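Close look at the chain arrangement
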Amino acid sequence: MSAGALVVQPRLLTLEGGEGAGKTTVLRALRDALVQEGCDVVCTREPGGTPLAERIRGLLLDAGGEPVHAHTELLLMFAARTQHVQQVILPALARGAWVISDRFTDSSYAYQGAARGLDTGFIEALETTAVGISPGLTLLLDLGVASARARTRGRDLLEGGAPDRIERERDEFFERVREGFLARAAQFPGRIRVLDASLEADRVAEAAMAHLAAYRRGLA
Ligand code: T5A
């Protein structure tokens, strides 16, 4: 299967959405559903997923106060992603595992493309050259910016965390991120399914599992 110059990987599932949309929570539900059916499942995240890519994540989320140019941010995201794909995702897929990634390339289109204003053609060139694969199914957890802020603040209060470099961006930035994700969903309606992430966590997880079940029936 291919999507343009990208090879579609049917066992690669990705979760996307703005900050605090509930991706981590849904990822656990999908993993449990697949494990219960005896599947080999690898859960991973971006930026990160390998020791080197996790170090790049650290640089991206805490640049030590130095301003980060949008192109630097984009290229670091793709450096981490390339390493992640080569070291973790492709080997897992090759042995027949399912891979669930908390974020993947759609995040670069939404954050660096739609929100930072970088050229989509440049992102496509990086995707084609350095990544080469596309997920079979992407669940987009869509949530309003104010609700997302309330959730991340609540989590930070509970866990004693603080907003990272990107989370400190203004609401307008996250409005553009949200629009960017919805534009991707409109462009790829067969791959990207939009979930209402404002519902209770259990309901969102149920919807995600229903999408996964329908997707797997389609593969059979
Ligand atoms: N980035 C990433 C880019 O700019 N470009 C890229 O190419 C890539 C790959 C790190 C940052 O990098 C940027 C985007 C990010 O700014 P990240 O670690 O995924 O990416 O960062 P976040 O999206 O900020 O991760 P979060 O952990 O904050 O969000 P989640 O995983 O979506 O949310 P989750 O599940 O942790 O939930 C947040 C809180 O809400 C509660 C949870 O209990 C938790 O407290 N919650 C709900 N509450 C009520 N109802 C529900 N349905 C709930 N679901 C969860």
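A short tour of the structure in this document, coming up. (Residues numbered from 1 in each chain as written. Predicted model: local features only at pLDDT ≥ 70, side-chain atom pairs only at ≥ 80, totals over all residues. Heavy atoms only, no water.)

Some remarks on helix α1 (residues 23-36)
For clarity, the threshold we go by: A run of H or I in DSSP counts as a helix once it spans at least four residues, and a run of E counts as a strand once it spans at least two, with each numbered from the N terminus. The span one expects for a helix is its residue count, reduced by one, times 1.5 Å. Here, residues are in contact when the closest pair of their heavy atoms is within 4.5 Å.
With 14 residues, α1 extends 20 Å from end C-alpha to end C-alpha; this agrees with the ideal 20 Å at 1.5 Å per step. On its buried face, α1 is in contact with β2 (6-17), β3 (41-45), β4 (98-102), β5 (133-142) and α8 (201-219). Phi turns positive one or two residues past the end of α1, at glycine 38, with a value near 85°.

Observations regarding the layout of surface pockets
Formally: Note on definitions: the grid is 1 Å and covers protein atoms alone; a cavity is a set of points where a 1.4 Å probe fits but cannot get out; a pocket is an open set with protein on both sides within 12 Å along at least five of seven lines; lining residues have an atom within 4 Å of a point. Grid points are joined across faces, edges and corners, and a volume is the space filled by probe spheres set on the points. Each residue is assigned to one class: nonpolar for Ala, Val, Leu, Ile, Met, Phe, Trp, Tyr, Cys and Pro, charged for Asp, Glu, Lys and Arg, and polar for all the others, Gly among them.
Estimated volume of the largest pocket: approximately 940 Å³. Counting residues per element, the ones that place at least two in the lining of the largest pocket are α1, β3, α2 (51-61), α3 (70-94), α4 (105-115), α6 (145-159) and α8. For the lining of the largest pocket, the leading source of residues is α1, giving six residues. For the lining of the largest pocket, the residue count by class is 14 nonpolar, 10 polar and 13 charged. In this model, the second largest pocket occupies a volume close to 300 Å³. If you go around the second largest pocket, you meet 20 residues; those closest to its centre are Glu19, Val145, Ala148, Arg149 and Thr152. Sorting the residues of the lining of the second largest pocket by element identifies β5, α6 and α7 (171-187) as the ones contributing at least two each. Residue contributions to the lining of the second largest pocket peak at six residues, all from α6. Grouping the amino acids of the lining of the second largest pocket by side-chain chemistry returns 10 nonpolar, three polar and seven charged.

Re the site of the ligand
Here is the rule: We define proximity as follows: a residue is near a molecule or strand when any one of its heavy atoms falls within 4 Å of that partner. N or O atoms within 3.5 Å of each other form a polar contact, as long as, within protein, one can give a hydrogen and the other can take it, and as long as residues adjacent in sequence are counted only when both atoms are side-chain atoms. All accessibility values rest on the Shrake-Rupley procedure with a 1.4 Å probe; residue burial counts only the protein chains present in the view. Those molecules having more than half of their atoms within 2 Å of a cavity or pocket grid point set are described as sitting in that cavity or pocket.
Taken together, 29 residues lie around the ligand, and Thr24, Arg57, Arg103, Ser108 and Arg155 are the ones closest in. The separation between an oxygen atom of the ligand and a polar main-chain atom of glycine 22 is 2.9 Å. Measuring from an oxygen atom of the ligand, one finds a side-chain N or O atom of threonine 25 at 2.9 Å. Taken by itself the ligand offers 1,000 Å² of open surface, and the protein chains cover 83% of this. According to the grid-proximity analysis, the pocket containing the ligand is the largest pocket. Sorting the residues of the shell around the ligand by element identifies α1, α2, α3, α4, α6 and α8 as the ones contributing at least two each. Looking at the shell around the ligand element by element, the count peaks at four residues for α4.

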